[in-house]
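Listed below are the residues making up each chain.
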Amino acid sequence: MSLKPTVATMIGDPAGIGPEVVAKAWATGELHDYCQPVLIGSQLVMQRAVKDCGLSLKVNKVASVKDIQNDPAIIDIIDSGKFDDESFKLGLDNESCGQISADWLDEMDQLALAGEVNATVMAPISSVSMKMAGVLDKVINMEPGHSYLFLISGPLRVMHLTDHLPLRDVCDLITADLVSTSISQLNKALISWGIEKPRIAVAGLNPHASGKEEDEEITPGVEQAKAQGINVEGPIAPDSVFRHCIDGHYDVVLAMFHDQGHIAIKTWGFSGNCALIMGPPYLHMSVAHGTAYDLAGTGQADHSMMLEAIKLTGNLAAGNGFLNNR
Amino acid sequence: MFIPRIAITPGEPAGIGPDICLQICLLDWPCQLILIADIQLLTRRSKQLDLDIEFKMFNSSATPTIHTPGVVHVHPVQLSNTEQCGALDANNSRYVLTTLEAAAQFCLDDICSAVVTAPVQKNIINEAGFNFTGHTEFLADYCHAYPVMMLLTDKLKVALTTTHIPLSDVSDTITPALLTDVINIVNHDLKQTFSIKQPRIAVCGLNPHAGEAGQLGHEELQTIIPTLNGLRKTGIRLTGPLPADTIFTPKILEQHDVVLGMYHDQVLPTLKYSGFGDAINVTLGLPIIRTSVDHGTALDLAGTGKANPDSLKAAITLAIDLATKKQHA
């Protein structure tokens, strides 16, 4: 792709550190090497964030993607003008901030669905504020068979077959069909991101990957995927599969449930963790940290995860693979 | 001076167990080492590996003497068939179990201070008709005790509430009675065997986000929290239940002596990918001290001299340490 992909970034909850880390990421000048960035949010909020961070960027309000100036010294922001609450307090949950977060996500979704932007990134939102506004359901909930959480921490990449479920409900949900369709969806996505022949590892469910679910569901599911020509191995013992991925034997691990994948990702603890939501017809990324209210307005928040998330999104959308690719 | 006497079982005769047990005999040890094995097997394997080792018959009524590199005492147990490196033979399974029983009995009789086990091959023992889930369970049965599996490295200790059971059985297996027993054992053994005065135990939840106040599962509210509260009243220092995906962070690890997991793969993977070093397996809850290597039989390496004895060295070092602490307790 000669033309860089357009990546929209929603600036996050106005009361949190989202606008500041987005401003600092923009100020590095690195975003434009990976994509044509544009923000979704409020010009006023971004001007305040730029000032709080001691930056000298201009914040330019644009009506649509085709008006963006693509200049690292000028922040381009699509501002629908809906956010007029100037009385909200930094660092506090607030109904209007929750409401506008949902509105901005919605606007970004529309732009992506219309093909005006190629991929999207979400800065930290506050689930409490969104709950106060009654719009928490606007954040995508994972639904096995349709959408999956894909976490990235350096060389360790993990897609989760199931997400926020009680442990006792996990086993019954795992079917050969779910395993095989999710592998095939994952494989397709990896190829579209520029990984030519993806190597996928599937974690087992039981100790040493030996049990009823492996025999009756996971192994048949993996075999079905193999029959489609996918380079997939498993089920592999859950206590060693993540190590193999970190060592570079696989591009990604398919984990069976929330804690299996999350423990690996969080314990490994690379800087630059981010999360992809697999399911929407476009690339949707979010940073792994929260609104860090105690730092809001200080300009001190670390922007490295935000920077990494936007760069990676641009790279994947362009079909150039992961940043530290093999 | 107290000289610990460590009983070592080389485990599966066709695997690397005998190799690593012989390799470590060439080193200095501040204890006496007793190999519980077929003396012909040891002789054959030491020739194959070109190791110069003298075997002496173990006399259980003698007082322990410090290990001399290259000389080791053997309590002989006879193989049924001559072993072949890399080739499993179900006829030798009874031999493997007899070595374990002998080692445990020496400890129960205070003739030895600890047992260190090299790897066995579970499937061949089961094929031979013995119901064998693992060293941990076998030794616990032999000593009529309830075992708690703990793995440790220099930096991290993890203990397990449930071990080798299907994930679908975990939720129902964790009852207040089980959790109470396990925590009492962990607390007691960390005090008694590890000389930690007031052990601080971090307990994992079972569900994502430790159940998120009932939103993601009820076991925390119904079982884990009430049980921990009950145990706190008896003076045990407990934190949790904590979300398992953030329990292995430096802040939490610094403030605790052990992490208690609810199931096998909740806590074991961490040991393997987090650079915590070689892990040693210890069985808590037994009347004897038992440590073990954390690897398998590596059949393809048996007799080649390529097996790495580091995990066995670490397990023996820990056994010596624990035996000494117990002696002085």
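Starting from 1, residues in each chain are numbered consecutively following that chain's sequence as written. Lettering of chains starts at A and numbering of ligands starts at 1, both following the order in which they are written. Where totals are concerned, whole chains, interfaces and linings use all residues; where local detail is concerned, this predicted model gives features only for residues with pLDDT of at least 70, and gives and counts side-chain atom pairs only at 80 or more. Note: side-chain values were computed over all heavy atoms of the structure, leaving out hydrogens and water.

Peer 1: Sorry if this is basic, but what is going on with the overall build of chain B here?
Peer 2: Across its full length, chain B carries 11 helices and 12 strands. Throughout, radius of gyration means the C-alpha value; the globule benchmark is 2.2 Å times the number of residues raised to the power 0.38. Against the compact-globule benchmark of 20 Å for 329 residues, chain B has a radius of gyration of 21 Å, which places it among compact chains. Exposed residues in this analysis have more than 50% of their type's maximum accessible area, buried residues have under 20%, and partly exposed residues fall in between, with area computed by a 1.4 Å probe over protein chains only. The buried share among the 329 residues of chain B stands at 58%. A sequence separation of at least 24 residues applies to 75% of the contacts in chain B between residues at least 6 apart. In chain B, 22 side chains carry a positive charge and 32 a negative one; their mean positions are 8 Å apart. Each helix corresponds to a stretch of at least 4 residues labelled H or I by DSSP, and each strand to a stretch of at least 2 residues labelled E; elements are numbered beginning at the N terminus. Contacts are assigned to residue pairs with any non-hydrogen atoms lying within 4.5 Å of each other. Charged residues are defined here as Lys and Arg on the positive side and Asp and Glu on the negative side; His and the ends of the chain fall outside this count. To locate a charge, take NZ of a lysine, CZ of an arginine, CG of an aspartate or CD of a glutamate.

Peer 1: How do you make sense of the interface of chain B and chain A when you look at a structure like this?
Peer 2: Many authors give the size of an interface as the accessible area that is lost as the parts come together. Facing the 30 residues of chain B at the interface are 26 residues of chain A. Note on chain B versus chain A: buried area summed over both sides is about 2500 Å², and carbon and sulfur give 60% of it. One side-chain nitrogen of Lys or Arg within 4 Å of one carboxyl oxygen of Asp or Glu is enough to make a salt bridge. Where chain B packs against chain A, one counts 3 salt bridges. With its nearest N and O atoms 3.1 Å apart, the salt bridge here joins Asp172(B) to Arg168(A). The term polar contact refers here to a pair of N or O atoms within 3.5 Å; inside protein, the definition further demands a hydrogen-donor-capable atom paired with an acceptor-capable atom, and it admits residues adjacent in sequence only when both atoms are side-chain atoms. For the pair chain B and chain A, the interface holds 8 residue pairs in polar contact (both at pLDDT 80 or more). Only α6 (167-173) and α10 (264-273) of chain B provide two or more residues apiece to the side of chain B that touches chain A. Among the elements that make up the side of chain B that touches chain A, the one with the highest residue count is α10(B) (8 residues). Any residue outside Ala, Val, Leu, Ile, Met, Phe, Trp, Tyr, Cys, Pro, Asp, Glu, Lys and Arg is labelled polar, Gly included; the first ten of those are nonpolar and the last four are charged. Residues of the side of chain B that touches chain A, tallied by class, amount to 13 nonpolar, 12 polar and 5 charged. Here the quantity called buried area is the total loss of accessible area, with a 1.4 Å probe, experienced by two parts when brought into contact, counted for both.

Peer 1: Quick question: what am I supposed to make of helix α7 (residues 176-192) of chain A here?
Peer 2: Side chains that are three or four residues apart share a direction in an α-helix, a result of its 3.6 residues per turn. All names here are of chain A. Take the number of residues in a helix, subtract one, and multiply by 1.5 Å to get its expected span. Here α7 spans 24 Å end to end across 17 residues, near enough to the 24 Å set by a 1.5 Å rise per residue. Turning to α7, its buried residues are Ala 176, Leu 178, Val 179, Ser 180, Ser 182, Ile 183, Leu 186, Asn 187, Ala 189 and Leu 190. Of the residues trailing α7, Gly 194 is marked for its positive phi of about 105 degrees.

Peer 1: Sorry if this is basic, but what is going on with the sheet that holds strand β7 (residues 156-160) of chain A here?
Peer 2: Backbone hydrogen bonds hold the strands of a sheet together, and the pairing may be parallel or antiparallel. All names here are of chain A. Strands qualify as paired when DSSP identifies two bridges or more between them. Here 12 strands make up an open sheet; going across it, the order is β3-β4-β2-β1-β5-β12-β11-β6-β7-β10-β8-β9 and the pairing mixed. Here the strands that pair on one side only, and so sit at the sheet edges, are β3 (58-62) and β9 (232-236). The average undirected angle you get between the axes of adjacent strands in this sheet is 25 degrees. Judged from the 5 bridges that link them, strand β6 (residues 148-153) and β7 form a sheet pairing that is antiparallel. Each axis is a line fitted through C-alpha atoms, and for a helix only the stretch in contact is used; angles between axes span 0 to 180 degrees, taken between their N-to-C directions.

Peer 1: I would appreciate a short explanation of the side chain of Gln266(B) in the present structure.
Peer 2: By the secondary structure assignment, Gln266(B) is in helix α10. Judged by relative accessible area, which is 0%, Gln266(B) ranks as buried. A polar atom in the side chain of Gln266(B) sits 2.8 Å from the backbone oxygen of Gly205(B). Separated by 2.7 Å, the side chain of Gln266(B) and the backbone nitrogen of Met262(B) make a polar contact. The contact partners of Gln266(B), leaving out residues within four places of it in the chain, are Asp259(A), Ile263(A), Cys204(B), Gly205(B), Leu206(B), Ala244(B), Phe248(B) and Gly261(B).

Peer 1: How do you make sense of the pairing of β9(A) when you look at a structure like this?
Peer 2: Relative to β9(A), strand β8 (residues 200-203) of chain A is paired through 3 bridges, and the arrangement is parallel. Within β9(A), the position partnered with Ile200(A) by the bridge is Val232(A).

Peer 1: Where do I start with the domain arrangement of chain A in this structure?
Peer 2: Segment limits for the domains were obtained from an automatic or database-derived domain assignment. Examined at the domain level, chain A breaks down into domain 1 (6-140 + 280-317) and domain 2 (148-268). Once you take the C-alpha centre of each, domain 1 of chain A and domain 2 of chain A turn out to be 31 Å apart.

Peer 1: How do you make sense of helix α8 (residues 219-233) of chain B when you look at a structure like this?
Peer 2: Here α8(B) is 15 residues long and its end C-alpha atoms lie 21 Å apart, about the 21 Å a rise of 1.5 Å per residue gives. The seven residues ending at a residue and the seven starting there each receive a fitted axis; the angle between those axes is the bend at that residue. Largest kink in α8(B): about 25 degrees, centred on Ile225(B), with the proline Pro226(B) one to four residues after it. The inward-facing, buried residues of α8(B) abut α6 (167-173) of chain A together with α6, α7 (176-192), β8 (200-204) and β9 (237-242) of chain B. Taken from the residues just after α8(B), Gly235(B) is the one with a positive phi, measuring 100 degrees.

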